[in-house]
Amino acid sequence: AAAGLCPCRALLARRGGALRELRGSVRGLAAGPEMHFGFQTVTEAERREKIYRVFESVAKKYDIMNDSMTLGIHRIWKDIFVRKMNPSPGTLLLDVAGGTGDIAFRFLNYVHSVRERQLQRKLRQQQNLSWQEISETYQENKLKSLGDSQVVVCDINKEMLKVGKQKAQHLGYSEGLSWVLGNAEELPFDDDKFDVYTIAFGIRNVTRIDLALQEAYRVLKPGGRFLCLEFSHINNPLLSRLYDLYSFQVIPVLGEVIAGDWKSYQYLVESIRRFPPQEELKAMIEDAGFFKVDYQNLNAGIVAIHSGFKL
């Protein structure tokens, strides 16, 4: 009788093993597919959590670390980025992953400057105006210094948004500026809403770049423009080796000395190396539906500006 039970036990054991294997597969699916976090392999859920913790950790020292890592050149890159955008008064901008406000503040300054030039040209063309009329015109336009332009800063990280709001208050920015907590892969905005979508040094840290690009396309108006500023790939072999040496030997040390956080800056360096090169990202932007997609390398490809239009 005991011998007769053995096949049943074996069958039950096999079934039990199969069930355990199935449960393991289900758990794996629930956690999401494997992907990269720097040079580590993690699940999608783990990557999202780890990246959130990185920026939660670096938020307060983010600006000073950017200046230290790039010797201040990141400011020039962002200036070029906004000049390429060339926003006109009345532009509605969505700046994604822009928690510290760097692009938003530049956008507001740029639009204000355009409005000032427009007003001066208008007054020069009307030489017969009295002093009182000129004064009244200035006062009237001062109330509309942005010409109905607005920028919405959207970031997934509360700490980054907190830093941005504090900077805005300190620098005196309030008009035409709003802050929204949101995920680039599932934006909390209606379709066809914005004239321009920007993401500066943020798309590299998005868990699913394809979803973020699809969302960018969705929220832009027909004729709207997508602009991305991101670290990219250097084509010059000698410069590339020097850049690698600086990135891996110096930047994590700066992170430890200035921000007390070696690991976060080690990840940031590794994430740059894992990021798709220029042509690959261009193809991804085109796959999302954008037309007239191109890119401009800055500093031999250390960073690149990608541009595309929703038609």
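This one's a predicted model, so the numbers in the text were calculated from it and none came from an experiment.

Along its length, the protein carries 12 helices and nine strands. Per-residue burial for the protein yields a buried fraction of 44% across its 311 residues. Total accessible area on the protein is roughly 16,700 Å²; 54% of this is exposed by carbon and sulfur atoms.

Take a nonpolar patch on the surface next. On the surface, a nonpolar cluster with roughly 270 Å² of combined accessible area is contributed by Leu238, Leu239 and Leu242. Relative to the helices and strands, Leu239 resides in helix H9 (residues 237-249).

What follows deals with unusual backbone geometry. Of note, the phi angle at Phe201 is positive, near 55°, even though the residue is not glycine. Along the chain, Phe201 turns up in the loop between strand E6 (194-200) and helix H8 (209-219). Here Phe201 falls in the buried class, since its relative accessible area comes to 9%.

The next thing to look at is the pattern of salt bridges. According to the stated counting rule, one finds 12 salt bridges in the structure shown. A salt bridge links Asp102 to Lys167; the shortest N-O distance between them is 2.8 Å. You can see Asp102 sitting in helix H5 (residues 102-124) and its partner Lys167 sitting in helix H7 (residues 158-171), a full 65 residues away along the chain. There is no split in this pair, since Asp102 and Lys167 are both buried. Look at the salt bridges and you will find they share partners, linking Asp63, Lys78, Asp102 and Lys167 into a network.

The buried fraction of E6 is high, at six of seven residues. Alignment of strand E3 (residues 92-96) against E6, held across four bridges, turns out to be parallel. Its bridge partner lying in E6, Val96 is registered against Ile199. Handedness of the E6-H8-strand E7 (residues 220-231) crossover: right-handed.

Across its 13 residues, helix H11 (residues 262-274) extends 19 Å between first and last C-alpha, which sits within 8% of the 18 Å expected from 1.5 Å per residue. Within H11, the full set of buried residues consists of Ser264, Tyr265, Gln266, Tyr267, Leu268, Val269, Glu270, Ser271 and Ile272.

For E3, the buried fraction is high: five of the five residues fall into the buried class. On E3, burial covers both faces: Leu92, Leu94 and Val96 on one face and Leu93 and Asp95 on the other are all buried.

If you trace the seven strands from one edge of the open sheet to the other, you get E5-E4-E3-E6-E7-E9-E8, paired in mixed fashion. The open sheet has two edge strands, strand E5 (177-181) and strand E8 (291-298), and neither has a second partner. The mean angle between the axes of side-by-side strands here comes to 15°, regardless of whether they run parallel or antiparallel. With seven bridges joining them, E7 and strand E9 (residues 303-309) adopt antiparallel strand pairing. Residue pairing in the sheet places Phe226 in a bridge with Gly308 of E9. Contacts between H7 and the sheet are confined to strand E4 (150-155) and E5, with E5 contributing the most and set at about 165° to the helix.

Relative to the helices and strands, Asp95 is located in strand E3. For the buried Asp95, no salt bridge exists, and the shortest N-O distance to an oppositely charged side chain is 9.2 Å, to Lys78. At 2.8 Å, the side chain of Asp95 forms a polar contact with the side chain of Thr198. Ignoring sequence-local partners within four residues, the contact set of Asp95 consists of Ile103, Ala104, Val151, Val152, Val153, Cys154, Thr198 and Ile199.

What follows deals with the nonpolar core. In terms of nonpolar packing, the biggest core is built from 30 residues, with Trp77, Val151, Leu177, Leu229, Phe231 and Val303 touching the most fellow members. Elements with a minimum of two residues in this core: helix H4 (73-85), H5, E4, H7, E6, E7 and E9. In terms of residues, this core owes the most to one element, H5, which gives six residues. Ile203, Ala212, Phe275 and Ala288 belong to the second largest nonpolar core, which has 27 residues in total.

Further remarks concern the confidence of the model for the protein. When pLDDT is averaged along the protein, the result is 84, and 82% of the positions lie at 70 or above. Considering only residues more than four positions removed or in separate chains, one finds that residues 1-31, a stretch of pLDDT under 50, has three contacts.

Moving on to the side chain of Arg204. Looking at the secondary structure, you find Arg204 in the loop between E6 and H8. Judged by relative accessible area, Arg204 falls into the buried class, the value being 7%. Among the polar contacts made by the side chain of Arg204, one reaches the side chain of Ser271 at a distance of 2.7 Å. For Arg204, the residues in contact, after removing those within four places along its chain, are Arg47, Glu230, Phe231, Tyr267, Leu268, Ser271, Ile272 and Phe275.

Conventions we followed
Residues numbered from 1 in each chain as written. Predicted model: local features only at pLDDT ≥ 70, side-chain atom pairs only at ≥ 80, totals over all residues. Heavy atoms only, no water. Helix = DSSP H or I, 4+ residues; strand = E, 2+ residues; numbered from the N terminus. Buried < 20%, exposed > 50% of the residue type's maximum accessible area, 1.4 Å probe, protein only. Areas by Shrake-Rupley, 256 points an atom, 1.4 Å probe, with all protein chains shown as cover. Patch = residues over 30% accessible without salt bridge, like charges linked within 9 Å, V, L, I, M, F, W, Y side chains within 5 Å. Salt bridge = Lys/Arg side-chain N within 4 Å of Asp/Glu carboxyl O. Pairing = 2+ DSSP bridges. Right-handed = clockwise from strand over helix to strand, strands pointing away. Expected span 1.5 Å × (residues − 1). Axes fitted to C-alpha atoms, helices over the stretch in contact; angles between N-to-C directions. Contact = heavy atoms within 4.5 Å. Lys, Arg positive; Asp, Glu negative; His and termini not counted. Polar contact = N/O pair within 3.5 Å; in protein donor to acceptor, adjacent residues only side chain to side chain. Core = buried A, V, L, I, M, F, W, Y, C linked by side-chain atoms within 4.5 Å. pLDDT = per-residue confidence, 0-100.

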